[in-house]
Amino acid sequence: MRAKFCSNEPILKKVVRVATNNNFNCTLKEFRQLHEIELSHPDSTFFINSNINTPELLRINDHPYKVVVTINPTLIVRQENIDRLHQIDKDKVAFIRVKYIPEHTEINELIKSLVKEDYAVVITVQRWNSIESLRNYTKLEYYTHHHNRFRLSGGALEKLQSFVDSFDTEKVFLCDRVGGGCGSCKICVMLTAGQNLKLTSINLSSSGVCKFNCPDCFAKTLQHFSVALGHQPIAYDIIKANLKQSGNTKHIKDTLQEIKN
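Everything in this summary refers to the structure shown in the same document.

Within the protein chain, the secondary structure is distributed over nine helices and nine strands. C-alpha atoms of the protein chain, sized along the principal axes, occupy 65 × 50 × 40 Å. Out of the 261 residues in the protein chain, the part that is buried amounts to 47%. Restricting to contacts in the protein chain with at least 6 residues of sequence separation, those with at least 24 account for 73%. Here the protein chain displays about 14,100 Å² of accessible surface, and carbon together with sulfur accounts for 51% of that area. Of the charged side chains in the protein chain, 34 are positive and 27 negative; the average position of the first set lies 5 Å away from that of the second.

With that out of the way, let us pick up helix α5 (residues 154-165). Taking 1.5 Å per residue, 12 residues should reach 16 Å; α5 reaches 17 Å between its end C-alpha atoms and fits that length. If you check which residues of α5 are buried, you get Ala 156, Leu 157, Leu 160, Gln 161, Phe 163 and Val 164. What you see down the axis of α5 is that its buried residues fit within an arc of 155°, all on one side. Exposed positions of α5 whose direction lies more than 90 degrees from the buried face are Gly 155, Glu 158 and Lys 159.

With that out of the way, let us pick up the sheet that holds strand β5 (residues 121-125). With respect to topology, seven strands assemble into an open sheet ordered β8-β5-β4-β3-β2-β1-β9, the strand pairing being parallel. The outermost strands of the open sheet, each flanked by one partner alone, are β8 (172-174) and β9 (198-202). For this sheet, the mean inter-axis angle between neighbouring strands, taken without regard to orientation, is 25°. In this structure, strand β2 (residues 44-51) lies alongside strand β3 (residues 66-70), joined through five bridges in parallel fashion. Looking at β3, one finds that Asn 49 is bridged to Val 68. Strand contacts of helix α1 (residues 28-39): β1 (14-18), β2 and β9, with the helix running at about 160° to β2, the strand carrying the most contacts. Lying on the sheet, helix α3 (residues 105-116) is in contact with β4 (93-100), β5 and β8; it crosses β4 at an angle near 165°.

Counted under the stated rule, the structure contains six salt bridges. A salt bridge links Glu 103 to Lys 139, with the shortest nitrogen-to-oxygen separation between them at 3.5 Å. One end of the pair, Glu 103, is in the loop between β4 and α3; the other, Lys 139, is in the loop between α4 (131-135) and β6 (143-146), and 36 residues separate them in sequence. A salt bridge links Lys 171 to Asp 118; its shortest N-O distance comes to 3.5 Å.

Mapped onto the fold, Thr 192 is located in helix α7 (residues 187-192). For Thr 192, a relative accessible area of 15% puts it in the buried group. Polar contacts involving the side chain of Thr 192 include one to the main-chain carbonyl oxygen of Cys 188, which spans 2.6 Å.

A separate point is unusual backbone geometry. Positive phi is not limited to glycine here, since Glu 103 has a value of about 65°. The backbone of Asp 216 sits at a positive phi, close to 45°, despite the residue not being glycine. One can find Asp 216 in the loop between β9 and α8 (218-228). When its relative accessible area of 19% is taken as the criterion, Asp 216 is described as buried.

Attention now moves to the nonpolar core. Among the nonpolar cores identified, the biggest contains 50 residues, and Phe 24, Ile 96, Val 98, Ile 111 and Ile 123 are the most heavily contacted of them. One finds Val 15, Ala 94, Val 122 and Leu 197 within the second-largest nonpolar core, a separate group that totals 12 residues.

Another aspect to go through is the pairing of β4. Most of β4 sits inside the fold, with seven of its eight residues counted as buried. Examined bridge by bridge, β3 and β4 share four bridges and lie parallel to one another. Considered in β4, the bridge of Val 68 is made with Phe 95. Assessed by its sense of winding, the connection that carries the chain from β3 through helix α2 (residues 79-85) to β4 is right-handed. Tracing the backbone out of β4, into α3 and back to the parallel element β5 gives a crossover that is right-handed.

On to the layout of surface pockets, then. The volume enclosed by the second largest pocket comes to roughly 220 Å³. Around the second largest pocket sit Tyr 100, Pro 102, Glu 103, His 104, Thr 105, Asn 108, Tyr 142, Ala 156, Lys 159, Leu 160 and Phe 163, which together line it. Sorting the residues of the lining of the second largest pocket by element identifies α3 and α5 as the ones contributing at least two each. In terms of residue count, α5 provides more of the lining of the second largest pocket than any other element does, four residues in total. Looking at the lining of the second largest pocket, its residues break down into six nonpolar, three polar and two charged.

Rules used in this analysis
Residues numbered from 1 in each chain as written. Predicted model: local features only at pLDDT ≥ 70, side-chain atom pairs only at ≥ 80, totals over all residues. Heavy atoms only, no water. Helix = DSSP H or I, 4+ residues; strand = E, 2+ residues; numbered from the N terminus. Buried < 20%, exposed > 50% of the residue type's maximum accessible area, 1.4 Å probe, protein only. Contact = heavy atoms within 4.5 Å. Areas by Shrake-Rupley, 256 points an atom, 1.4 Å probe, with all protein chains shown as cover. Lys, Arg positive; Asp, Glu negative; His and termini not counted. Charge placed at Lys NZ, Arg CZ, Asp CG, Glu CD. Expected span 1.5 Å × (residues − 1). Arc of directions from axis to C-beta. Pairing = 2+ DSSP bridges. Axes fitted to C-alpha atoms, helices over the stretch in contact; angles between N-to-C directions. Salt bridge = Lys/Arg side-chain N within 4 Å of Asp/Glu carboxyl O. Polar contact = N/O pair within 3.5 Å; in protein donor to acceptor, adjacent residues only side chain to side chain. Core = buried A, V, L, I, M, F, W, Y, C linked by side-chain atoms within 4.5 Å. Right-handed = clockwise from strand over helix to strand, strands pointing away. 1 Å grid on protein atoms, 1.4 Å probe; cavity = no way out; pocket = protein on both sides within 12 Å on 5 of 7 lines; lining within 4 Å. Points joined across faces, edges and corners; volume = space filled by probe spheres on them. Nonpolar A, V, L, I, M, F, W, Y, C, P; charged D, E, K, R; others polar.

See below:
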C-alpha cells in the first residue's frame, strides 16, 4: 500500500495574539469578528488575551480558541479571581499570566499553587512609569530607570530568576528572559500552538479600548502617547508583528546589559 502524503489541512505559518493593546472581552460580537478573520487566514492560529475580571470571560468555554488569562491584573492576589479561573475549562487555558513585583510572597505562592494544579505560568515583570506609582506597591531600590520606565534589576531580578529555576517542571516561564524579543523567547507560540511559528498580533475593533485601568499599563501608556501625537489610540483589525515580536528590542538588551554592569 502506498502512503498518502496529501492533506486538506492548511500548513500553519503564524500565531496571532488577539488583544495585544486592548482586552478581549469575550462578547458575541468579538467572537463573530474573530471567526470571520480566522476564516480568511487559514494559515494562522489564534489565541486571545483576557483580564480575569472580564465580565463575560466564561463564554470562552463555548468557543474553540485558547485563552491567556492575566490572573492578577491589579497586582493584588484575590481568591475570587482564582475561583473564577477554575470555572474556565482547563483545556481552553494556554497559560496563566502572573504579574510580578518583589517582596510579595502571595504572588510566589499563587505561582506555586497554579503549578500544582498543572497550569502553565508565564511571569511578566511589572514596570513602572513613575516613582509615585512604584512606591504604592514596592521599593525603588529594586529598580533601575531605563528607556523611560523603572525596570526590575540587580539582586531582585536575580532572585526572581532563581525562583523560576527552582521548579522541577517545565511549567513556569519568565517572559523574554534574555531580552531578545518574541522571536527568541517563543514561549507564547509553543504554549499556544505547540510549534515554532512566527508570532503576530491583532487588536479587534469590536473589542475597542480596554476598559480596565491596571497599574502603569504599558498599552495604555502607548495609547496616551499616540493620542497626544494626534493619532488614533489603537490600530485595529490589522495582523502584524509589533516591535517586540519582530525582534526590535535594543532598548531591552541595553537595559539588561546596564543591569549586569
